[in-house]
Amino acid sequence: MTNYIIKPIEKPLSEDKHHGYRLMLYIGLAVMGVSIFCRTILSTMGVDIQGQDALQDMLTPIYEKSVLLFFLLTCLLIPLLEEFSYRSWTTGKRWMRWTSWAAMTIYMLMTKQWVISGVFSVAVLLINLLVKGRKPLMWALALGTSSAFAMSHLSGFGTLDANTVFSLLQLFGLAMTLSFIGLRFHWLVGVLVPGGGNFL
C-alpha cells in the first residue's frame, strides 16, 4: 500500500507577504488619532487650527477662473503627483525607488523650503544607497518619505506652535498609513484617500 504524506496547506504568499508591515498601519493610525484628538482639544481652547497648504496660493487664482479645473487639480492631479512622489517606491522596484526619490525632491523644492528639501532629499538618497534587505529598506523609506511628506507642508503654518507640531504629526501618520496601503495593494490606491479628503 502506498503511503501518502499529507502536507499542511500553506498560505499563499500574498497573504503573508505584507504581514511584517502591519505595524506601519497601526503606527500611522495611532499617530493620526492622537494628533487629531490633540488638535481638537486646542480648538476647544480657542486656538486657530487652520493651516494653508504651500500650493494653495497657486491654486486660488485657478479656483476663481474655473471651479471644475480646480477640483480636477486638487482631487486628482495633485494627489496623483503626491502619491507618485512619496509612495511609488512601494512597488519595490529599484527604478521606481529612484524615480520616486527624484520626484519627491522636485515636489519639495516647489514649496521653496530649500534647506528642508535638501535635508530630506539627501536622507532618502542615503536610505536607497545604504539600507540592505527588502523589509529594512521598505521601513526606512516609509519613515523617511513620511517625514518628508509632513515637513513639505511646514510652510503652510505661520508659526511653529503646538498646532503646527500636531498637524505635522497627523500628516506623518497619514503618510505611514498610505505607505502601508501602497505596500499592501498599490500606490495608486492611495490616491483615493487624499483625493477624497480634498473633495470633502
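Here, every reference points to the structure presented above.
We now turn to the structure provided with this report. What you see is a predicted model, and the numbers here were worked out from it, not measured in a lab.

## What to know about helix 2 (residues 22-44)
Then comes step 1: Taking 1.5 Å of rise per residue, 23 residues should cover 33 Å, and helix 2 covers 33 Å from first to last C-alpha, within 8% of that figure.
Then comes step 2: Burial in helix 2 covers these residues: Met24, Leu25, Gly28, Val31, Met32, Ser35, Arg39 and Leu42.
Then comes step 3: Tucked into the core, helix 2 has its buried residues touching helix 7 (134-151) and helix 8 (162-184).
Then comes step 4: Count one or two residues on from helix 2 and you reach Gly46, which has phi positive near 90°.

## Considering the environment of Gly156
Then comes step 1: Assignment of secondary structure puts Gly156 in the loop between helix 7 and helix 8.
Then comes step 2: On the accessibility criterion, Gly156 (13% relative accessible area) is buried.
Then comes step 3: Along the sequence, Gly156 and Thr111 sit 45 residues apart, while their C-alpha atoms lie 9.3 Å from each other.

## Focus: the nonpolar core
Then comes step 1: One finds Tyr21, Met24, Tyr86, Met108, Met138 and Leu141 to be the most contacted residues of the largest nonpolar core, which totals 31 residues.
Then comes step 2: Taken together, the elements giving at least two residues each to this core come down to helix 2, helix 4 (67-87), helix 5 (94-109), helix 6 (114-130), helix 7 and helix 8.
Then comes step 3: Apart from the residues within four sequence positions on either side, Met108 is in contact with Tyr86, Gln113, Ile116, Ser117, Phe120, Ala148 and Ser152.

## Examining the environment of Leu29
Then comes step 1: For Leu29, the location among the structural elements is in helix 2.
Then comes step 2: Measuring from C-alpha to C-alpha, the distance between Leu29 and Met176 comes to 8.2 Å, with 147 residues separating the pair along the chain.

Thresholds applied
- Residues numbered from 1 in each chain as written.
- Predicted model: local features only at pLDDT ≥ 70, side-chain atom pairs only at ≥ 80, totals over all residues.
- Heavy atoms only, no water.
- Helix = DSSP H or I, 4+ residues; strand = E, 2+ residues; numbered from the N terminus.
- Expected span 1.5 Å × (residues − 1).
- Buried < 20%, exposed > 50% of the residue type's maximum accessible area, 1.4 Å probe, protein only.
- Contact = heavy atoms within 4.5 Å.
- Core = buried A, V, L, I, M, F, W, Y, C linked by side-chain atoms within 4.5 Å.

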